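Single-letter residue listing:
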Amino acid sequence: MRGAAVFVVLGALAVSACGFTPMYAEPGVGSPLRRIAVSAQDDRLGYRLREQLEDALGWDRSAAPLYRLTAQVEQERRSLGRRIDDTATRYELTVKARWTLTPADGGAPVTGEETVTTTYAAADQPYAAIAAQQDGEERAASELARRIRLDLMQALSNR
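Residues numbered from 1 in each chain as written. Predicted model: local features only at pLDDT ≥ 70, side-chain atom pairs only at ≥ 80, totals over all residues. Heavy atoms only, no water.

Residue pairs spaced three or four apart in an α-helix point in one direction, given the helix's 3.6 residues per turn. The end-to-end C-alpha distance of helix α3 (residues 44–57), which contains 14 residues, comes to 20 Å, matching closely the 20 Å that a straight helix rising 1.5 Å per residue would cover. Just downstream of α3 lies Gly58, where phi reads positive at about 65°. (Helix = DSSP H or I, 4+ residues; strand = E, 2+ residues; numbered from the N terminus. Expected span 1.5 Å × (residues − 1).)

In structure tokens, the structure reads:
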């Protein structure tokens, strides 16, 4: 038992001495991420992306934003596979987001673009078809938020 305690203390000292900084610590990239105000278009997919981005960035509503992130989302749905009655068996949803990160102090904006493709099954029942489409949109928004967050981390680490 005593050896385990010594190992934990030595491990903590080793990690603290190596220059390791948690991603969300004040000096690193994480702090500015929490202070990015997000806006997106006023539709269901834009709302979902904004919601996912705010969660992914850990937006701190109590602090004044250092940056404003605006996102424009486009989606395209394509049928895959056909039944004998010529109805689709699956759909492919491609969602493209163009984003712009603008510093609140008026610096040069950073732009980027991400594209995500998801698929979902086509259902015979109308409610199930709507639920499947909304689930596909939710998965696409979640993946877009993850990718945009990574882009933002890279852009802010270069500043």
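Mapped onto the elements, Thr118 comes out in strand β4 (residues 110–121). A distance of 3.4 Å separates a polar side-chain atom of Thr118 from the backbone oxygen of Gly136. (Polar contact = N/O pair within 3.5 Å; in protein donor to acceptor, adjacent residues only side chain to side chain.)

Membership of the largest hydrophobic core comes to 29 residues, with the highest contact counts inside it found for Ile36, Leu49, Leu69, Leu101 and Leu152. Secondary structure elements with two or more residues in this core: β1 (36–40), α3, β2 (67–82), β3 (88–103), β4 and α4 (126–157). In terms of residues, this core owes the most to one element, α4, which gives eight residues. Apart from the residues within four sequence positions on either side, Leu69 is in contact with Ile36, Ala37, Val38, Ser39, Leu53, Trp99, Thr100, Leu101, Ile148 and Leu152. (Core = buried A, V, L, I, M, F, W, Y, C linked by side-chain atoms within 4.5 Å. Buried < 20%, exposed > 50% of the residue type's maximum accessible area, 1.4 Å probe, protein only. Contact = heavy atoms within 4.5 Å.)

When pLDDT is averaged along the protein, the result is 83, and 80% of the positions lie at 70 or above. In the model of the protein, helix α1 (residues 2–17) stands out as the element of lowest mean pLDDT, 58, in contrast to β4, which has the highest, 94. (pLDDT = per-residue confidence, 0-100.)

With that settled, the discussion passes to the sheet that holds β1. What links the strands of a sheet is backbone hydrogen bonding, and the strands pair in either a parallel or an antiparallel sense. Reading across the sheet, the four strands line up as β1-β2-β3-β4 and stay open at both edges, with mixed pairing between neighbours. Only two strands of the sheet have a single neighbouring strand rather than two, namely β1 and β4. Across the sheet, the mean angle from the axis of one strand to that of its neighbour is 25°, orientation sign disregarded. Inspection of the sheet shows β3 paired to β4 by 12 bridges, in the antiparallel sense. By the bridge assignment for β4, Leu93 is matched with Thr118. The strands touched by α3 are β1, β2 and β3; relative to β1, the strand with the most contacts, the crossing angle is about 165°. (Pairing = 2+ DSSP bridges. Axes fitted to C-alpha atoms, helices over the stretch in contact; angles between N-to-C directions.)

Topologically, Gly107 is positioned in the loop between β3 and β4. Considered as a pair, Gly107 and Tyr67 are 40 residues apart in the sequence and their alpha carbons are 9.8 Å apart.

Right, let's talk about the packing of aromatic side chains for a bit. Considering all chains together, one arrives at one aromatic pair under this definition. Arg77 extends its terminal NZ or CZ atom over the ring of Tyr91, reaching a point 4.1 Å from the ring centre. (Phe/Tyr/Trp six-rings, centres within 6.5 Å; stacked < 30°, edge-to-face > 60°. Lys NZ or Arg CZ within 6 Å of the ring centre and 35° of its normal.)

A separate point is the pairing of β2. Note on strand geometry: in a regular strand, side chains alternate between the two faces of the sheet. Where β1 and β2 come together, five bridges link them in parallel fashion. The residue of β2 that forms the bridge with Ala40 is Ala71. Here β2 runs beside β3; their pairing, made up of 15 bridges, is antiparallel. What sits directly across from Thr70, in β3, is Thr100. Counting the residues in the hairpin turn of β2 and β3 gives five residues, including Asp86, whose phi is positive at 65°.

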